[in-house]
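One-letter residues, chain by chain:
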Amino acid sequence: MKVKGNHFETIWINEENSGLVQIIDQRHLPFAFRIEDIKTAEDMFIAIRDMHLRGAPLIGAAGALGMYLAVLDHPGKSISEGYITEKANFIKSSRPTAVNLSWAVDRVAEDLKGLRPKEEAVELAKRMAMQIMDEERENCLKIGQYGVKLVEELSNRKNNDTVNILTHCNAGWLACIDYGTATAPIYRAHDQGIKVHVWVDETRPRNQGARLTAWELSQHGVPCTVIADNTGGHLMQKGLVDMVIVGSDRASPYGDIVNKIGTYLKALAARDNHIPFYAALPSSTIDWQLGEGALETPIEERDANELRMVEGMINGKVSEVEIIPRDMPAVNFGFDITPARLISGIITERGISLANKKSIFTLFPEKNLNPD
Ligand code: MRU
């Protein structure tokens, strides 16, 4: 997507130096646009853990590239399986909830099975990481192509009046390689001339909505308005929301989705107000082992200081201020589970399914190991 008119993706291998991975460092947005150099698997671990980059599909790609860097870094002439397993476990331990991370890292590790000459391993790891990035870029494009039909329908029903879409957190191109998941249908609709407006949940405590989603939508010229996290229900009651689209960090094959904390409340409010609630996700976000209700999902609990401190611009300088005293108990869960019953549909790269096992396996029959 575009940043000040120039095309950018979120992560890439430097064209002149193939040992250097570069990312958009999201910690500085929307105040500054900075590129960060990632030179080692350890750098990548920190970038994922400390959210220099974030969002499930992007975390997956970063994990795969982290494996590539780990192989490059190996001092010997051949790479053992033990080394690969150790590095894979290390990178996978950077964040627990988005299943894309283990999905991508394991794909690279699987490709590298067995003792190999280093040169061959480097080529294999690079090829697999690039393939994952290509697939995820394409998947998001397709999510946009399928999802735009939902926006189109609403626009027709409103006689081409503006379609108001509420989204939570950042499931935009910054959370992916390009296009986004929840935002892909929105960008597509906007580019096709359909009038859209996005209500952007602020998304406390890290404010991914206010800082990232609003920024990237604005860069592309999509009209949007930031709202405090608790505003959605009121807007829905007033008839100011036509649909909700969110992303996901892990989904069950039964149609439950795990997403940024607060998503569940939006789904409840949408159901009470008869507003369609969609999740947009590539199949790399579906944890095919997960049971009904997605209850086994490890829900990340982050440092409570993320809640106590707020970062912002003061007199032209980015600074942090304390808004909750340090000795006040605080707890910071990163994600919640929205049960399938509250979800109108799941927009994937293969089409839109209902949030149930039958419909999901109809789109992904090869994943159904026990067809009845
Ligand atoms: O904690 P984050 O910022 O990595 O959260 C992940 C997300 O970006 C959201 O939960 C998003 O809605 C799903 S990922 C496209």
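Residues numbered from 1 in each chain as written. Predicted model: local features only at pLDDT ≥ 70, side-chain atom pairs only at ≥ 80, totals over all residues. Heavy atoms only, no water.

Below, the discussion takes up the domain arrangement of the chain. Under the domain assignment, the chain is made up of domain 1 (2–135) and domain 2 (148–367). Computed over C-alpha atoms, the centres of domain 1 and domain 2 are 25 Å apart. The interface is formed by 33 residues belonging to domain 1 together with 35 residues belonging to domain 2. Contact between domain 1 and domain 2 buries roughly 2800 Å² in total, counting both sides, with carbon and sulfur atoms accounting for 58%. Inspection of the domain 1/domain 2 interface yields one salt bridge. Ionic pairing is found between Glu 300 and Arg 95, a salt bridge with its closest N-O pair at 2.7 Å. The tally of links from domain 1 across to domain 2 stands at 17 residue pairs in polar contact (both at pLDDT 80 or more). Contributing elements (two or more residues each) for the side of domain 1 that touches domain 2: strand S1 (2–3), helix H2 (56–73) and helix H4 (100–111). (Domains from an automatic or database assignment. Contact = heavy atoms within 4.5 Å. Buried area = accessible area lost by both parts, 1.4 Å probe. Salt bridge = Lys/Arg side-chain N within 4 Å of Asp/Glu carboxyl O. Polar contact = N/O pair within 3.5 Å; in protein donor to acceptor, adjacent residues only side chain to side chain. Helix = DSSP H or I, 4+ residues; strand = E, 2+ residues; numbered from the N terminus.)

With that settled, the discussion passes to the sheet that holds strand S13 (residues 257–260). Read from one edge of the open sheet, three strands run S12-S13-S17, paired in antiparallel fashion. Of all strands in the sheet, those bounded by a partner on one side alone are strand S12 (250–251) and strand S17 (335–338). Alignment of S12 against S13, held across two bridges, turns out to be antiparallel. Looking at the pairing, Ala 251 lines up with Ile 257 of S13. Its contacts with the sheet place helix H9 (residues 263–272) against S13 and S17, and it is angled at close to 30° to S17. (Pairing = 2+ DSSP bridges. Axes fitted to C-alpha atoms, helices over the stretch in contact; angles between N-to-C directions.)

Ile 11, Met 44, Leu 53 and Leu 65 are the most contacted members of the largest nonpolar core, which totals 43 residues. Ranked by residues supplied to this core, first place goes to H2 with twelve residues. Every residue in contact with Leu 53, bar those within four places of it in the chain, is listed here: Ile 11, Ile 23, Gln 26, Met 44, Ala 47, Ile 48, Leu 58, Ile 59 and Ala 62. In terms of nonpolar packing, the next biggest core, distinct from the first, is built from 32 residues, Met 1, Ala 171, Ile 194 and Val 200 among them. (Core = buried A, V, L, I, M, F, W, Y, C linked by side-chain atoms within 4.5 Å. Buried < 20%, exposed > 50% of the residue type's maximum accessible area, 1.4 Å probe, protein only.)

Time to look at the packing of aromatic side chains. Inspection of every chain in the model, using the stated rule, returns six aromatic pairs. With centroids separated by 6.2 Å and ring planes inclined at 55°, the aromatic side chains of Phe 8 and Trp 12 adopt a geometry described as tilted. Here Phe 8 falls in the partly exposed class, since its relative accessible area comes to 21%. An aromatic cluster of at least three residues, connected via ring pairs, comprises Phe 8, Trp 12, Phe 33 and Trp 215. The ring of Phe 90 has Lys 87 lying over it, and the distance from NZ or CZ to the ring centre is 6.0 Å. It is Lys 260 that lies over the ring of Phe 335; its NZ or CZ is 4.2 Å from the centre. (Phe/Tyr/Trp six-rings, centres within 6.5 Å; stacked < 30°, edge-to-face > 60°. Lys NZ or Arg CZ within 6 Å of the ring centre and 35° of its normal.)

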